[in-house]
Amino acid sequence: MASSMFSSMEMAAPDAILGLNAAFNNDENPHKINLGVGVYKDETGITPILECVKQAERMLMESENSKSYLGIDGLPEYAKLVRQTLFGRDVDVSPMVTLQTPGGTGALRVAGDFLKSKVGASRIWLSNPTWANHGAVFSAAGLVTDSYRYLGECGKALDFTGMMESIAAIPAGDVICLHACCHNPTGVDPTVEQWSEIAAACATGGVLPLIDFAYQGFANGIREDAAALQPFLSSGNEFMVCSSFSKNFGLYAERVGALTIVSQDSATAAVTLSHAKKAVRTNYSNPPKHGGAIVATVLGSTELTALWESEVAAMRDRINGLRQEFVAAMVSRQCSVDFSFIQDQRGMFSFSGLNPMQVDQLRKEHSIYIVGSGRINVAGLNSSNIQVLCDAILEVL
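In this report, we go over the structure that sits alongside the text.

1. Digging into the nonpolar core
For step 1, the next point in the chain: Judged by nonpolar contacts, the single largest core of 103 residues is most densely connected at Ile198, Phe249 and Phe326.
For step 2, the next point in the chain: The dominant element in this core, judged by the number of residues it contributes, is helix α12 (residues 302–332), at 10 residues.
For step 3, the next point in the chain: Excluding its chain neighbours within four sequence positions, the residues that come into contact with Ile198 are Phe160, Met163, Met164, Ile167, Leu178, Pro190 and Phe232.

Next up, the structure:
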């Protein structure tokens, strides 16, 4: 036999979160609960298809006449509507360019490649903690990753003073990754006033903001959540936004995202677009069409946009209601731990305060699957499992 170039490899470690999902699927306990993987689920435990999406797909089925390649930067109408969703209709978009990407993760990777190979950036700063895949994505693009302070020692609230001190110490020319809302994994967000201070500190220090906006509408509302972007826009400085429609459109399987780059003027924007397209061309060449066409169809229709916003509001209200229900259930059990901070957080995720040993005990003894850090996907709860979870937590505390 010819010598193998592959046989010397050892089995790669499984992804921490996706590996947890595989373990859940193999668990034969009929009462198992999955609070690990970050997808929205309704009361029945299903990740639903939104009605606005169904209507848009019917319209596309009737009107679509080609499956030819898109351009490198995707559907032009999609790019326009993404910018309107991020910044509003009355904003000067001449210094902005948008590329349609395969999900928010694709936007992050294209941004990383663009920053490393075209801008010459070498290091990006991530919040401590941050989404588990941030470091791997940016490292794969060749960027060095470092961290800035974010969560306080109590693990329940923002350490804003520490965050500002960290930003002030970041060298000019470095990049900082910020979460616009529904911080993953903590659910702890800055206030509107604090966002103004963060934007000013980045501008003063010559730090380039890269804003991960994966959960627009899941904190306080579509427009309300976009308020985090306004101070950066008002500063007149350059920044980048990686956005996703996986959560707020329920289009997880379609991989619909965008990278928007805000430059200082239209001429610079044209140049940045040309180089960002190079980063796409050497990666996936051009984005898939269907998911982007769904989003463009919905956002291009006043009626469907109104329906979409109402469906996002329903998901948001359900998650916030589950937070309140969880806290009330723990209070009714006279739990010695105060979990009231859970209802103050926003988005699908919360740091529960559970330690790795308690998380392991929940999995082994109760078939309740939670990420090792104690991060809980609140959207995985429902009326049939929330009481079970509360009883189990009481046992492991």
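Having seen the structure, we can now continue with the description.
2. Digging into the packing of helix α3 (residues 76–87) against helix α11 (residues 290–299)
Geometrically, a packed helix pair is captured by the angle between its two axes and the distance between the axes.
For step 1, the next point in the chain: Relative orientation of the contacting elements α3 and α11 amounts to 60°, with a least axis distance of 9 Å. Taken as axis vectors, α3 and α11 run oblique relative to one another. Read as a crossing pair, α3 and α11 show a hand that is left-handed. Residues Glu77, Tyr78, Leu81 and Thr85 of α3 touch α11, and the partners they reach there are Gly292, Val295, Ala296 and Leu299.
For step 2, the next point in the chain: Here the contact of α3 with α11 is built from residues that sort into five nonpolar, two polar and one charged.

3. Let's talk about the packing of helix α6 (residues 160–169) against helix α7 (residues 192–205)
For step 1, the next point in the chain: It is at 10 Å that the axes of α6 and α7 come closest, and there the two elements cross at 15°. Overall, the two elements α6 and α7 adopt an arrangement that is roughly parallel. Considering how the two elements wind past one another, α6 and α7 form a crossing that is right-handed. Of the residues in α7, those in contact with Phe160, Met163, Met164 and Ile167 of α6 are Gln194, Glu197, Ile198, Ala201 and Cys202.
For step 2, the next point in the chain: Grouping the constituent residues of the contact of α6 with α7 by class yields seven nonpolar, one polar and one charged.

Calculation notes
Residues numbered from 1 in each chain as written. Predicted model: local features only at pLDDT ≥ 70, side-chain atom pairs only at ≥ 80, totals over all residues. Heavy atoms only, no water. Core = buried A, V, L, I, M, F, W, Y, C linked by side-chain atoms within 4.5 Å. Buried < 20%, exposed > 50% of the residue type's maximum accessible area, 1.4 Å probe, protein only. Helix = DSSP H or I, 4+ residues; strand = E, 2+ residues; numbered from the N terminus. Contact = heavy atoms within 4.5 Å. Axes fitted to C-alpha atoms, helices over the stretch in contact; angles between N-to-C directions. Parallel < 35°, antiparallel > 145°, perpendicular 65-115°, else oblique. Left-handed = near helix turned anticlockwise from the far one by under 90°. Nonpolar A, V, L, I, M, F, W, Y, C, P; charged D, E, K, R; others polar.

Function cannot be read off these values alone, since they describe shape.
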